[in-house]
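A closer look at the structure
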Amino acid sequence: MGKEYGGSPKLHQLESKRKRLTSILAVSGLCVLFYVLGAWQSTSPAPSSQSEVYTRVGCDVESPDGVNHDSSSSSSLPSTPLDFESHHQLVVNSSEESQKFPPCNMSYSEYTPCQDPQRSRKYDRNMLKYRERHCPKEQELLRCLIPAPPNYRTPFKWPQSRDYAWYDNIPHKELSIEKAVQNWIQVEGDRFRFPGGGTMFPRGADAYIDDINELIPLTSGNIRTAIDTGCGVASWGAYLIKRDILAMSFAPRDTHEAQVWFALERGVPAMIGIMASQRLPYPARAFDMAHCSRCLIPWYEYDGMYLIEVDRVLRPGGYWILSGPPIRWKNYWRGWERTQEDLKQEQDAIENVAKRLCWKKVIERGDLAVWQKPTNHIECIKTSATHHTSHMCKSDNADAAWYTRMETCITPLPEVRNSDEVAGGALEKWPERAYSIPPRISSSSIPGITVEKFREDNEIWKHRVTHYKRIIRSLPQGRYRNVMDMNAYLGGFAAALMKYPVWVMNVVPGKSEPDTLGVIYERGFIGVYHDWCEAFSTYPRTYDLIHAGGVFSIYQDRCDITYILLEMDRILRPEGTVIFRDVVEVLVKIKSIADGMRWESNIMDHESGPFNPEKILVAVKSYWTGEAEQEH
């Protein structure tokens, strides 16, 4: 044995690794020994459980101010990655073993798998069902990397990105021609400029929002979350941000104009979506305000089903704002090329649906009409006996919204004791709302989620984001704008990032238990239900930073994780960053696939130290374009 293997370089390498690991464990063992002996007793009480040891024990060298002043470079990746490959082996549901993934054809540069225009033609056009999500089957999934267009450039930083985008990143001029009079978008040399115009706000979105503010209070902190149906390039949402209002803007996938894509390139929250036959992928009582500006949705059709769906996602006391047809039809009917009778009939039908929902019309002034949802259903139930109101739904899960059909019944609000009480619980004003106890938690309506767990989760995320700032030096410097949390839980990551110039798309796995997306909205953040065995409803290259905590442990037995990683590559910008948190065995497998996707990645210890079984993998997508790859 000694003669055959004694001089093997591989054996020397393994022996060297064994000695390094032994040394690390020896030092780490001393840390635990000191802890047990009470060397740290003056600064911290003894842990009460093994999990508390994982959270608190560490041997990082810290200065008296509690900050770890490491000597690593400004790179997103650590200078000395941990070596786990030779020590951990686990079978994870993946079809790839260190395969190098080729680039897809340039024709796929704008590929949106579940909203592919070619695939959608096969589906029913009734109620626009063909424009809903229709995802490729497993045998149709691409096993290649979506290429960036030639001359792709890093987007402008926020807030400059609100007004400018590089033409080469989304080379579509159609909107600048078709909407030239309405001032949506203009081409200026090598860039687009977004003047903030819109069909119903010729003076600009800022002035339009000021007009709304004269009708309802936008700056008091009571309105924080909003939804914009048929959003265009999301200028309404873009100009709400400076008023501390976060809008979820959505519109269908365009075949040429790429409106939602422009919104995301601007650094404004948006996603591909449509009101057709399925519920919107948001929980009940999510938004403080809903908006439609000439969004062309037939609100009164199908027994008022679309307005009933808005009622489902609108918070008690929330507002619905409508501008455009048929509002102020007496002035605009000629320009809209419709008859006065037709427009009057449409407005009467909308008014009738609103009354059936027990909404109160607040005001109609100029081009704007505003309705308000009741704070509870006490009076609505009383009047239903004498007036024609929609009946209450019998379903016991108002939040169910992942591939769930819309209904023509009113989603019942939580019961209250008196007519002055807000159903489901009143919310604090923003920004106190972000860290106050959400009503769904204080009322114990989510199994297993207590007030104590909520507070502990907030502290954990404050500590984690402090650690991320050390290992990803560009995090606090405005390098990232569009952030996604693939497994958001209670929204702690988004809350801990509040002081940075970012917004977070909080994703909660569809049909998960417990369902926590409603809590995230009660905190004043936005998010969506999604199943990561399918593609996300967005264009390629629309997120700067993706956080994946425990995602692959959840999905490794449900679908091939290779396709989840390829989807992450599709939606991540060149030179974008991903933070994975998982057990070592899963991270080793992820790293082996990521290496074949042209990602630079390193595994490192948990922020609490080497004894926590959870580790962190930080990956950066390399910059490359389709043209550069073809020439190479």
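- If you check an unreviewed UniProt entry, the chain appears there as Methyltransferase from Ilex paraguariensis.
- UniProt, in the comment section headed Sequence similarities (unreviewed entry), describes the chain in these words: "Belongs to the methyltransferase superfamily."

**Regarding the overall build of the chain**
- Counting its secondary structure elements, the chain contains 20 helices and 17 strands.
- Counting over 632 residues, the chain shows a buried share of 54%.
- Taking the intrachain contacts of the chain between residues at least 6 apart in sequence as the baseline, contacts between residues at least 24 apart amount to 70%.

**Regarding the nonpolar core**
- Within the largest apolar cluster, 151 residues are counted, with the highest numbers of intra-cluster contacts made by Tyr282, Trp299, Phe552, Met568 and Phe580.
- In contact with phenylalanine 552, not counting residues within four places along its chain, are Ile561, Ile564, Leu565, Met568, Phe580, Asp582, Val586 and Ile590.
- Judged by nonpolar contacts, the second largest core, of 6 residues, contains Ile446, Phe454, Leu490 and Val519.

**Section: the state of the cysteines**
- One pass over the full model with this rule turns up 6 disulfides.
- The partner cysteine of cysteine 104 in its disulfide is cysteine 144, sulfur to sulfur 2.0 Å. Judged by the sign of its S-S torsion, about 100°, the bond between cysteine 104 and cysteine 144 is right-handed. One end of the pair, cysteine 104, is in the loop between helix H3 (50–56) and helix H4 (117–120); the other, cysteine 144, is in the loop between H4 and strand S1 (164–166), with 40 residues separating them in the sequence. Exposure class is identical for cysteine 104 and cysteine 144. Each is buried.
- Disulfide pairing places cysteine 292 opposite cysteine 295 at an S-S distance of 2.0 Å. The S-S bond linking cysteine 292 to cysteine 295 shows a torsion near -95°; that makes this disulfide left-handed.
- When its relative accessible area of 2% is taken as the criterion, cysteine 292 is described as buried.

**A few points about the pattern of salt bridges**
- For the structure shown, the criterion picks out 36 salt bridges.
- Put simply, Asp206, Asp210, Lys242 and Arg243 are held in one network by salt bridges that share partners.

**Section: the sheet that holds strand S10 (residues 368–372)**
- Strands sit in the order S6-S5-S4-S7-S8-S10-S9 across an open sheet of 7 strands; the sheet is mixed. If you trace the sheet from one side to the other, it starts and ends with strand S6 (270–272) and strand S9 (360–365), each paired once. Pairs of neighbouring strands in the sheet enclose a mean axial angle of 20°, with direction left out of account.
- Across 3 bridges, the pairing between strand S5 (residues 246–251) and S6 is parallel. For alanine 251, the partnering residue across the bridge sits in S6 and is isoleucine 272.
- On the sheet, helix H6 (residues 205–213) packs against strand S7 (287–293), strand S8 (314–323) and S10 and is oriented at approximately 45° with respect to S10.

**Some details on the pairing of strand S17 (residues 614–621)**
- Among the 8 residues that make up S17, 7 are buried, leaving the element largely enclosed by the rest of the structure.
- Where strand S15 (residues 572–583) and S17 come together, 7 bridges link them in antiparallel fashion. Note that in S17 the partner of isoleucine 579 across the bridge is valine 618.
- Pairing geometry for strand S16 (residues 599–604) and S17, over 6 bridges, is antiparallel. Its bridge partner lying in S17, serine 601 is registered against alanine 619.

**Points about the packing of helix H18 (residues 561–571) against helix H19 (residues 584–595)**
- Where H18 meets H19, the axes come as close as 10 Å, and the angle between the chain directions of the two elements is 55°. Looking at the two axes, H18 sits oblique to H19. Relative to H19, H18 is oriented so that their crossing is right-handed. In contact with Ile561, Thr562 and Leu565 of H18, H19 contributes Lys589, Ile590 and Ile593.
- Looking at the contact of H18 with H19, its residues break down into 4 nonpolar, 1 polar and 1 charged.

**Notes on the packing of helix H9 (residues 301–313) against helix H11 (residues 340–356)**
- Contact geometry for H9 and H11: axes closest at 10 Å, N-to-C directions at 65°. Taken together, the axes of H9 and H11 are roughly perpendicular relative to one another. Crossing angle aside, the handedness with which H9 passes H11 is right-handed. Judged by residue contacts, Asp303, Gly304, Leu307 and Ile308 of H9 engage Ile350, Val353, Ala354 and Arg356 from H11.
- Of the residues contributing to the contact of H9 with H11, the split by class is 5 nonpolar, 1 polar and 2 charged.

**Some remarks on the sheet that holds strand S2 (residues 186–188)**
- Read from one edge of the open sheet, 3 strands run S1-S3-S2, paired in antiparallel fashion. A single partner strand is all that each edge strand has here, and the edge strands are S1 and S2. In this sheet, neighbouring strand axes are inclined to one another by 30° on average, regardless of whether the strands run parallel or antiparallel.
- Pairing analysis gives 3 bridges linking S1 to strand S3 (residues 191–193), with the strands arranged antiparallel. When the sheet's bridge partners are listed, tryptophan 166 is paired in S3 with arginine 191.

What counts as what
- Residues numbered from 1 in each chain as written.
- Predicted model: local features only at pLDDT ≥ 70, side-chain atom pairs only at ≥ 80, totals over all residues.
- Heavy atoms only, no water.
- UniProt positions renumbered as here; feature names shortened; annotations may be inferred.
- Helix = DSSP H or I, 4+ residues; strand = E, 2+ residues; numbered from the N terminus.
- Buried < 20%, exposed > 50% of the residue type's maximum accessible area, 1.4 Å probe, protein only.
- Contact = heavy atoms within 4.5 Å.
- Core = buried A, V, L, I, M, F, W, Y, C linked by side-chain atoms within 4.5 Å.
- Disulfide = S-S within 2.5 Å.
- Salt bridge = Lys/Arg side-chain N within 4 Å of Asp/Glu carboxyl O.
- Pairing = 2+ DSSP bridges.
- Axes fitted to C-alpha atoms, helices over the stretch in contact; angles between N-to-C directions.
- Parallel < 35°, antiparallel > 145°, perpendicular 65-115°, else oblique.
- Left-handed = near helix turned anticlockwise from the far one by under 90°.
- Nonpolar A, V, L, I, M, F, W, Y, C, P; charged D, E, K, R; others polar.

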